[in-house]
Every structure is written in structure tokens, then in C-alpha cells.
Amino acid sequence: MQLLKALWALAGAALCCFLVLVIHAQFLKEGQLAAGTCEIVTLDRDSSQPRRTIARQTARCACRKGQIAGTTRARPACVDARIIKTKQWCDMLPCLEGEGCDLLINRSGWTCTQPGGRIKTTTDAEWERICLLSFLT
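Residues numbered from 1 in each chain as written. Predicted model: local features only at pLDDT ≥ 70, side-chain atom pairs only at ≥ 80, totals over all residues. Heavy atoms only, no water.

Participant: Is there a simple way to think about the overall build of the protein in this case?
Facilitator: When helices and strands are tallied, the protein shows three helices and seven strands. For the protein, the sequential pattern of α-helices and β-strands runs α-β-β-β-β-α-β-β-β-α. For the protein, the proportion of its 137 residues judged to be buried stands at 22%. The long-range fraction of contacts in the protein, counting pairs at least 24 apart against all pairs at least 6 apart in sequence, stands at 23%. Counting only carbon and sulfur atoms, one obtains 61% of the accessible surface of the protein, whose full area is about 10,000 Å². (Helix = DSSP H or I, 4+ residues; strand = E, 2+ residues; numbered from the N terminus. Buried < 20%, exposed > 50% of the residue type's maximum accessible area, 1.4 Å probe, protein only. Contact = heavy atoms within 4.5 Å. Areas by Shrake-Rupley, 256 points an atom, 1.4 Å probe, with all protein chains shown as cover.)

Given below as C-alpha cells:
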């Protein structure tokens, strides 16, 4: 009798899991992003200038209310919109682990400095283009 009850409970749990998966699949149809996530759509690198590489990427984000497309650990991410409005770029942790983040003097962007001295600079002109593209998709 105990075995029969256990089997019925197991069957019920399996049915619940199956129904949850079916309902979840209906909400996340192909091509949709889960709330609070981003994906890279295009990535372009220009190494035509000596000792300089210009990298541009376009991300598609599905941010929650109060968030906007941003950068965390050099990857697209949804960040608090306050960071973008106040231009406190380093608050979104845009640099990789071990890199130092510094605001540009006029707050038009930020730099990520690696321990070896290599510096990567991002300006808000590039940033506004990225945010606009992520908003339109």
C-alpha cells in the first residue's frame, strides 16, 4: 500500500513538472528573451589602425522595469537606469575582474585598465548608440 501511494505521488509530481514546462514554453516562444537578460546580436572588430582595435557590438536586451541595457564584466547586461542617468558608469561594473574602472574627466565614458597597463576606453557616444539599438529590438 505504501508503495502504491509513493508511485501515485511520484506520478503527480512528474505531471506537475511537465505542465510547468509546457506553460513556460508558451510564454517563452522562439526568439524571445527571458526578463532581465541580454544577448549579443552583432560583433565587429576593426584593427586597421596600428596598436588600436575598435570593437563594436550590438546587444538585444529584455530588461525589467527600472533597468536599461548596460555592461557588466564586459558583457551586455540589464543595469539600474539610475547609473545611466547620472553617468556613474563604473557603478555597473563594466570592466573585467582584475581591471580598474575610472570615469573620464567629463563623464563622457569610462576606461578599464588592465594590470599590465593596457587601457580600454568606452565613450557615451558609442554607449547611446548601443542603448538605442537594444531599445529598438
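Now that the structure is up, let's keep going.
Participant: How should I be thinking about the pattern of salt bridges in this particular structure?
Facilitator: A side chain of one charge can pair with a side chain of the opposite charge when the charged atoms of the two come close. Within this structure, the stated rule accounts for four salt bridges. One salt bridge in this structure joins Arg73 and Glu97, with 3.7 Å as the shortest N-O distance. Linking Arg73 in the loop between strand 3 (67–72) and strand 4 (75–80) with Glu97 in the loop between helix 2 (81–86) and strand 5 (100–103), this pair joins segments that are 24 residues apart in sequence. Taking relative accessible area as the criterion, Arg73 reaches 34% and is therefore assigned partly exposed. (Salt bridge = Lys/Arg side-chain N within 4 Å of Asp/Glu carboxyl O.)

Participant: Sorry, what's going on with unusual backbone geometry here?
Facilitator: Negative phi characterises most residues that are not glycine, and trans characterises most peptide bonds. Positive phi is not limited to glycine here, since Lys87 has a value of about 55°. If you trace the backbone, Lys87 turns up in the loop between helix 2 and strand 5. What makes Lys87 partly exposed here is its relative accessible area of 30%.

Participant: I'm lost on the sheet that holds strand 6 (residues 109–113) in this one. Help?
Facilitator: Backbone-to-backbone hydrogen bonds pair the strands of a sheet. The strands run either parallel or antiparallel. If you trace the three strands from one edge of the open sheet to the other, you get 5-6-7, paired in antiparallel fashion. For this open sheet the edge positions go to strand 5 and strand 7 (119–123), each flanked by a neighbour on one side alone. Averaged over all pairs of adjacent strands, the angle between strand axes in this sheet comes to 20°, irrespective of strand direction. Where strand 6 lies against strand 7, five bridges are found, and the strand directions are antiparallel. Bridged to Thr113 within strand 7 is Ile119. (Pairing = 2+ DSSP bridges. Axes fitted to C-alpha atoms, helices over the stretch in contact; angles between N-to-C directions.)

Participant: I tried to follow the state of the cysteines on my own but got confused; where do I start?
Facilitator: Working definition of a disulfide: a covalent bond connecting the sulfur atoms of two cysteines. All chains considered together, the criterion is met by four disulfides. Here Cys63 engages in a disulfide with Cys78; their sulfurs sit 2.3 Å apart. Taking the sign of the S-S torsion, -85° for the link of Cys63 and Cys78, the bridge is left-handed. Taken together, the positions of Cys63 in the loop between strand 2 (52–62) and strand 3 and Cys78 in strand 4 put the pair 15 residues apart, joining distant regions of the chain. Bridging Cys90 to Cys101, the disulfide has an S-S length of 2.0 Å. Classification of the bridge connecting Cys90 and Cys101 rests on its S-S torsion, roughly -80°, and on that basis the disulfide is left-handed. Linking Cys90 in the loop between helix 2 and strand 5 with Cys101 in strand 5, this pair joins segments that are 11 residues apart in sequence. On the basis of relative accessible area, Cys101 is assigned to the partly exposed category, the value being 25%. Cysteine pairing for the protein (bonded cysteines numbered in sequence order): 1-2, 3-4, 5-7, 6-8. (Disulfide = S-S within 2.5 Å.)

Participant: What exactly am I supposed to notice about the confidence of the model for the protein here?
Facilitator: When pLDDT is low, close inspection of the predicted coordinates is not appropriate. Mean pLDDT for the protein: 75, with 68% of residues reaching 70 or above. Across residues 9–24, where pLDDT falls below 50, the model places zero contacts with residues more than four positions away in sequence or in other chains. Contacts of residues 132–137 to residues separated by more than four positions or lying in other chains number seven contacts, the stretch itself having pLDDT below 50. (pLDDT = per-residue confidence, 0-100.)

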